[in-house]
Amino acid sequence: MDEDDKAALSRKLIDLVGEISAFSDYRASVKRQYTNLARRLKLLTPMFEEIRDCKEALSEDSIRALAELAGALESAKELLRFGSEGSKIYLVVSMVFEAVALLVYVEDSLALVGENEGSKLKKFHFELEIGVHAKSLSVACFPPEGRALCSSLFDLLPQNLNAIDVLERDQIMNRFHEVTAELERALSGISFEKLDISDEVKEQVELVLAQFLRAKGRVDAPDSELYEDLMCIYNKNNDAGEDIDVLRRLVDRLQLSGIADLTQESLALHEMVGATGGDPEESIEKMSMLLKKVKEFVQTTNPNIDSTTAENSTPTSSGGKVLTNQKSLVIPNDFRCPISLELMKDPVIVSTGQTYERSCIEKWLEAGHSTCPKTQQALTSNALTPNYVLRSLIAQWCEANGIEVPKRPGSSRPKAGSACSPAERSKIGALLCKLTSDNPEDQRSAAGEIRLLAKRNADNRVAIAEAGAIPLLVQLLSTPDSRTQEHAVTALLNLSIFEDNKGSIISSGAVPGIVHVLKKGSMEARENAAATLFSLSVIDENKVTIGASGAIPPLVALLSEGTQRGKKDAATALFNLCIYQGNKGKAVRARVIPTLMRLLTEPQGTMVDEALAILAILSSHPEGKSAIGAAEAVPVLVDVIGNGSPRNKENSAAVLVHLCSGDQQYLAEAQELGVMGPLLELAQHGTERGQRKATQLLERMNRFVETEGGAGSASGESNTESGVPTAVVR
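Residues numbered from 1 in each chain as written. Predicted model: local features only at pLDDT ≥ 70, side-chain atom pairs only at ≥ 80, totals over all residues. Heavy atoms only, no water.

Visitor: Honestly, helix α19 (residues 440–456) in this entry has me stumped. Any pointers?
Guide: Residues spaced three or four apart along an α-helix point in a common direction, a consequence of the helix completing one turn every 3.6 residues. Along its 17 residues, α19 runs 25 Å from first to last C-alpha, staying within 8% of the 24 Å computed at 1.5 Å per residue. Residues of α19 that are buried in the fold lie against α18 (422–435), α20 (458–466), α21 (469–475), α22 (482–496) and α25 (523–536). Sitting at the amino-terminal end of α19 is asparagine 439, which places a side-chain oxygen 2.8 Å from the backbone nitrogen of glutamate 441. (Helix = DSSP H or I, 4+ residues; strand = E, 2+ residues; numbered from the N terminus. Expected span 1.5 Å × (residues − 1). Contact = heavy atoms within 4.5 Å. Polar contact = N/O pair within 3.5 Å; in protein donor to acceptor, adjacent residues only side chain to side chain.)

Listed below in structure tokens is the structure:
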């Protein structure tokens with residue numbers, strides 16, 4: 001398969017998942033199953049992206065397997081589209097049919113079977129009444145004594161339910177199970193060892209496959225109250241009196257309280273009529289009649305619905321404030337807190353990887369819970385990590401839809417006098433006046449004092465930023481006075497420790513000036529410029545901005561020629577920036593690999609930890625792997641695996657896993673250098689990740705020795721587990 005065909009196939013797979021991700025919400029009756037399916041499919045994107053970016057050609061088996069997966073994704077897309085855009089009433093009623101169909105036949109059959117069989121049938125009569133999906137239910141789900149009878153009932157079912165179209169039912173839950181089975185078969189047919197994908201992506205895809213296997217044949221318990229209410233209205237004659245409470249519950253549960261909702265539902269049913277050739281079946285006619293009753297009820301109970309719908313259907317903040325006047329704007333599920341179901345203002349990540357609104361998860365933890373609310377997994381810690389990427393996406397979505405961007409609780413700046421005294425505020429104001437002076441001495445002294453004030457405490461950092469110091473300090477980054485320049489960049493470093501100041505520094509256009517100092521400033525200024533870039537790069541979107549600004553080559557230069565502190569600052573900044581895939585190639589092209597190899601072999605060995613951490617994260621990139629191989633790294637890596645610290649052994653093994661992926665020469669070289677013994681030791685007594693990497697290498701070595709050739713393809717994982725130090729004030 002040539003590169004163009006591989007690119008086209010991977011692009012198709014990525015586009016399909018992107019289209020699936022675009023479905024913002026699903027009807028209540030299928031919400032849980034369809035949301036879970038869409039979430040699992042989104043997790044496949046990293047695999048498709050790595051296939052697109054890899055240099056190696058795909059085997060014919062891999063091509064066929066991925067093409068089959070593309071077909072399964074097409075089926076899933078159409079299924080999910082209907083779950084997102086189809087008629088709410090149809091979806092619920094069709095699922096009721098599946099439950100009621102067998103119930104009707106069971107009741108009719110009780111008179112046709114013997115007393116013993118009849119009593120057995122009654123045992124599962126209750127299950128059917130609460131809505132068990134007959135067509136999705138396996139005979140094995142029934143008690144042993146009734147399986148034979150149930151088997152015959154399933155066989156006879158289509159012949160005894162003239163009023164219900166079985167094919168129609170199949171398009172809902174049966175179709176869902178068919179699609180998930182198709183996806184499971186396609187994923188099972190992929191040989192991951194033949195794909196050049198990283199370990200973390202492989203593990204993620206294997207997790208998705210395991211979830212599909214666990215979900216196979218599983219039937220969720222339906223909403224029995226909703227079904228009973230729906231069928232109560234559905235089966236009544238047009239002139240029969242309606243139960244007001246039942247209609248009120250239906251309006252609420254089906255989310256048909258506004259004109260926009262009712263109009264969309266009507267259009268969906270009309271499309272179904274069109275699909276039948278303009279001759280609607282009895283079931284669709286009844287659904288249309290049900291919708292008419294719902295609409296009449298809504299208009300009767302809310303005569304002003306036409307004027308109030310827009311207001312009632314708009315998203316609100318958690319305080320109840322209307323955010324926009326757009327009709328029926330649906331908040332994407334990923335932007336809602338799983339606990340409150342409201343638009344998140346301050347999303348944070350817990351140890352299981354799930355994201356919640358900070359205030360909600362804090363209340364959960366304060367109540368004494370030690371599990372993740374969504375997954376029920378045990379939390380390894382109560383640490384909450386801000387989800388900067390999601391917060392940025394929510395802000396972009398709000399701006400695109402004309403919605404006020406939600407303010408984070410406590411993120412507003414303190415009011416005047418709440419943190420600093422009037423005298424302190426007056427002093428800050430005077431210093432800012434000196435920053436704008438034409439006198440270089442005034443600028444230098446003011447920048448130095450602001451540097452010290454920002455170092456002192458968080459209140460000062462807030463007050464200085466509020467006073468408007470950041471743009472003035474940014475201007476001083478290009479001053480010819482080296483001491484003023486040093487004070488300015490260090491003041492920005494100290495201000496950036498306060499999280500909310502990071503955005504202000506970036507938006508003030510500070511990055512080019514910081515990079516200028518990194519290139520041209522004094523050694524101390526360069527060190528502090530590197531530390532500032534590290535502090536700013538904690539926010540994911542800033543990694544892209546900083547990488548695109550040309551910061552990586554001067555960071556590599558500082559890593560090579562700086563003082564001990566300068567090298568540490570450059571290393572932490574480079575590590576953080578290279579977490580973003582797009583920056584890895586920039587670092588390799590800036591010749592960071594030779595510098596790292598030199599640091600690894602220095603007699604004093606003061607930078608071994610940092611060098612190996614960066615190597616581990618770069619080795620997953622094709623250019624990084626090639627450069628590490630060219631730098632003759634194998635002897636050094638083998639030596640560290642045998643004699644290094646636990647963390648360094650782990651990182652060395654991770655680099656070697658990537659290096660030996662498909663390259664027999666490195667396998668042979670490592671074997672000749674005696675790596676087998678240290679690997680066995682690491683596999684038994686190393687860190688958890690070190691044991692995993694050692695096991696992968698041992699398996700690869702054994703295959704190589706046995707076959708004298710075909711070392712399997714494998715990958716490692718990025719070393720984001722190595723840990724990143726926090727920024728410090730200076």
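Now, onward.
Visitor: What is the right way to read the sheet that holds strand β3 (residues 385–386) from this model?
Guide: Within a sheet, adjacent strands bond to each other through the backbone by hydrogen bonds, running parallel or antiparallel. If you trace the three strands from one edge of the open sheet to the other, you get β2-β1-β3, paired in antiparallel fashion. Looking along the sheet, the strands with just one partner apiece sit at the ends: β2 (355–357) and β3. The sheet contact formed by strand β1 (residues 347–349) and β2 spans three bridges and is antiparallel. When the bridges of β2 are listed, proline 347 appears paired with glutamate 357. Each of β1, β2 and β3 is contacted by helix α16 (residues 358–366), which is oriented at about 95° to β2, the strand it contacts most. (Pairing = 2+ DSSP bridges. Axes fitted to C-alpha atoms, helices over the stretch in contact; angles between N-to-C directions.)

Visitor: I keep staring at helix α35 (residues 664–672) and nothing clicks. Help me out?
Guide: Those residues of α35 that sit buried are Tyr666, Leu667, Ala668 and Ala670. For α35, the elements touching its buried residues are α32 (622–630), α33 (634–643), α34 (646–659) and α37 (688–707). The positive-phi residue at the C-terminal boundary of α35 is glycine 674, with phi of around 80°. (Buried < 20%, exposed > 50% of the residue type's maximum accessible area, 1.4 Å probe, protein only.)

Visitor: Would you mind going over the packing of α18 against α19 with me for this structure?
Guide: Helix packing for two helices is described by the angle between their axes and how far apart those axes are. Running from N to C, α18 and α19 point in directions that differ by 140°, and their axes come no closer than 8 Å. Crossing of α18 over α19 shows left-handed handedness. Mapping the contact onto sequence places Lys427, Ile428, Leu431, Leu432, Lys434 and Leu435 in α18 and Asp442, Gln443, Ser445, Ala446, Ala447, Glu449, Ile450 and Leu453 in α19. Class assignment of the residues belonging to the contact of α18 with α19 gives a composition of eight nonpolar, two polar and four charged. (Left-handed = near helix turned anticlockwise from the far one by under 90°. Nonpolar A, V, L, I, M, F, W, Y, C, P; charged D, E, K, R; others polar.)

Everything listed here is a matter of coordinates, which is why it stays silent on function.
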